[in-house]
Amino acid sequence: SSGINAEYGGASLANSDRSSESVGAYRRALTLSPGYVRARYNLAIACLNLNSYRESIEHFLICLQQQPQSEAVWQGLRMALTLSKSYNELINVDQRNLDVLLANFGVS
């Protein structure tokens, strides 16, 4: 429940265009509940908004390990890869090659 409260605090900050502050709230939520996919997804979006593309990609990949069928997460990953100019990885998104992406970005 405190993880959920921290995540909602992060969402409020992110929605008010305070992405840098929301990152801390999402990190706190994940410290309390490491498997909390919604907080990790929101952290990926906040990192994307802050142009921290590599970190955003890593968080999207961790989300996909937990929810590989989530179209929203795949689309977020595609956006992060495009913004980071990792165009060669887009084929792996299109083909849903999660294992290849995890290896290419060193996410275990």
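Note that the structure is a prediction, hence the values are computed from the model and not measured.

Peer 1: Run through the overall build of the protein, naming residues and quoting values.
Peer 2: Each helix and strand counted, the protein has seven helices and zero strands in total. N-terminal to C-terminal, the α/β element order of the protein is α-α-α-α-α-α-α. The burial tally for the protein puts 45% of its 108 residues in the buried class. Partitioning the contacts of the protein with sequence separation of at least 6, the portion at a separation of at least 24 is 40%. Accessible surface for the protein amounts to roughly 5,700 Å². Of this, 50% is attributable to carbon and sulfur atoms.

Peer 1: Which residues make up the pattern of salt bridges, and what values go with them?
Peer 2: Throughout the structure, instances matching the rule amount to four salt bridges. A salt bridge links glutamate 55 to arginine 27; the shortest N-O distance between them is 2.4 Å. Taken together, the positions of glutamate 55 in helix H4 (residues 53-66) and arginine 27 in helix H2 (residues 19-32) put the pair 28 residues apart, joining distant regions of the chain. Residue arginine 27 is classed as partly exposed on the basis of its relative accessible area, which comes to 37%.

Peer 1: Please provide a residue-by-residue account of the side chain of histidine 59, values included.
Peer 2: Tracing the backbone shows histidine 59 in helix H4. Here histidine 59 falls in the buried class, since its relative accessible area comes to 9%. For histidine 59, the contacting residues outside a window of four places in its chain are Arg27, Arg40, Leu43, Ala44 and Cys47.

What counts and how
Numbers given for residues are sequential positions, taken from 1 along each chain in its written order. Only residues with pLDDT of at least 70 are given local features in this predicted model, and only at 80 or more are side-chain atom pairs given and counted; all residues enter the totals for whole chains, interfaces and linings. Remark: hydrogens and water are excluded; side-chain values derive from all non-hydrogen atoms of the structure. Only DSSP runs of H or I covering at least 4 residues are called helices, and only runs of E covering at least 2 are called strands; the numbering of each starts at the N terminus. Between buried and exposed lies partly exposed: a residue is buried under 20% and exposed over 50% of the maximum accessible area for its type, with that area taken using a 1.4 Å probe on protein chains only. We call two residues in contact whenever any of their non-hydrogen atoms come within 4.5 Å of each other. Here the Shrake-Rupley method, with its probe set to 1.4 Å, supplies the accessible areas, and only the displayed protein chains count as covering residues. We define a salt bridge as a contact between a side-chain nitrogen of Lys or Arg and a carboxyl oxygen of Asp or Glu at a distance within 4 Å.

Shape descriptors only; they carry no functional weight alone.
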